[in-house]
Amino acid sequence: MATGLQRLVRRAVLARLKADAPLTALVPAGSIYPQAVPSEPVWPFIKLGPTGTLRLRAACVSGGLVSVDVHAFARARTSGGVDQETAEDHASRIGAEIERLLDGVNLALVGGAKAKVDLGDIRLLQDSEPDAFHWFAQVNARVLAA
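Residues numbered from 1 in each chain as written. Predicted model: local features only at pLDDT ≥ 70, side-chain atom pairs only at ≥ 80, totals over all residues. Heavy atoms only, no water.

## Things to note about the pattern of salt bridges
Okay, step 1: For the coordinates displayed, the defined rule picks out six salt bridges.
Okay, step 2: Notably, a salt bridge pairs Glu-129 with Arg-75, separated by 2.2 Å at the nearest N-O pair. Note that Glu-129 is positioned in the loop between strand E7 (114-126) and strand E8 (132-145) and Arg-75 in strand E3 (residues 61-75), a separation of 54 residues in sequence.
Okay, step 3: For Glu-129, a relative accessible area of 29% gives the class partly exposed.
Okay, step 4: We note a salt bridge from Arg-123 to Asp-121, for which the minimum N-O separation is 2.7 Å.
Okay, step 5: Residues joined by salt bridges that share partners form a network here, namely Asp-20, Glu-97 and Arg-100. (Salt bridge = Lys/Arg side-chain N within 4 Å of Asp/Glu carboxyl O. Helix = DSSP H or I, 4+ residues; strand = E, 2+ residues; numbered from the N terminus. Buried < 20%, exposed > 50% of the residue type's maximum accessible area, 1.4 Å probe, protein only.)

Rendered as structure tokens:
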């Protein structure tokens, strides 16, 4: 029976995000967090949301459908006091990199299982913090183990 799938998928997603140079050029790897975020994170930042699993069981198959949200938070980019990019565009650009990294990919999980990943429910909205935007998507991973 496959167990611990949430942890395995969450760790694989986090590792993929932190290892990608184009994404970490926008959000440093040190600002890509699991669910727990420091009380004063450095902006922009990415965090994972809660995970959920629907178990899959059939003849000779054990696995699950694991979901985890990925959230990106951004403010406007400025240089010398001049806006270079709006918060909305900044968050959207970070989100586009996350989409590139996670949509339609296969992730190798510790222990040998593979996760087929797709994104769903992708949104961009104004954050509750003034002058900030929030992008998020639900990561859906299908994991099968013999």
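## So, the pairing of E8
Okay, step 1: Here E7 pairs with E8 via eleven bridges, running antiparallel. Considered in E8, the bridge of Val-117 is made with Ala-141.
Okay, step 2: Between the end of E7 and the start of E8, which pair antiparallel, lie five residues, with Asp-131 showing a positive phi angle near 60°. (Pairing = 2+ DSSP bridges.)

## Here's the deal with the packing of aromatic side chains
Okay, step 1: Applying the stated rule across the entire model yields four aromatic pairs.
Okay, step 2: Each ring, one from Trp-43 and one from Phe-45, has its centre 5.3 Å from the other, and the planes form 85°; the classification is edge-to-face. Each of the two residues, Trp-43 as well as Phe-45, counts as buried.
Okay, step 3: With centroids separated by 6.3 Å and ring planes inclined at 75°, the aromatic side chains of Trp-43 and Phe-73 adopt a geometry described as edge-to-face. On the criterion of sequence distance, the pair formed by Trp-43 in the loop between strand E1 (32-33) and strand E2 (45-58) and Phe-73 in strand E3 is long-range, its members being 30 residues apart.
Okay, step 4: Residue Phe-73 is classed as buried on the basis of its relative accessible area of 10%.
Okay, step 5: Each member of the aromatic cluster is reached from another via a ring pair, and the members are Tyr-33, Trp-43, Phe-45 and Phe-73. (Phe/Tyr/Trp six-rings, centres within 6.5 Å; stacked < 30°, edge-to-face > 60°.)

From the geometry alone we can't say anything about function, so treat these as descriptive.
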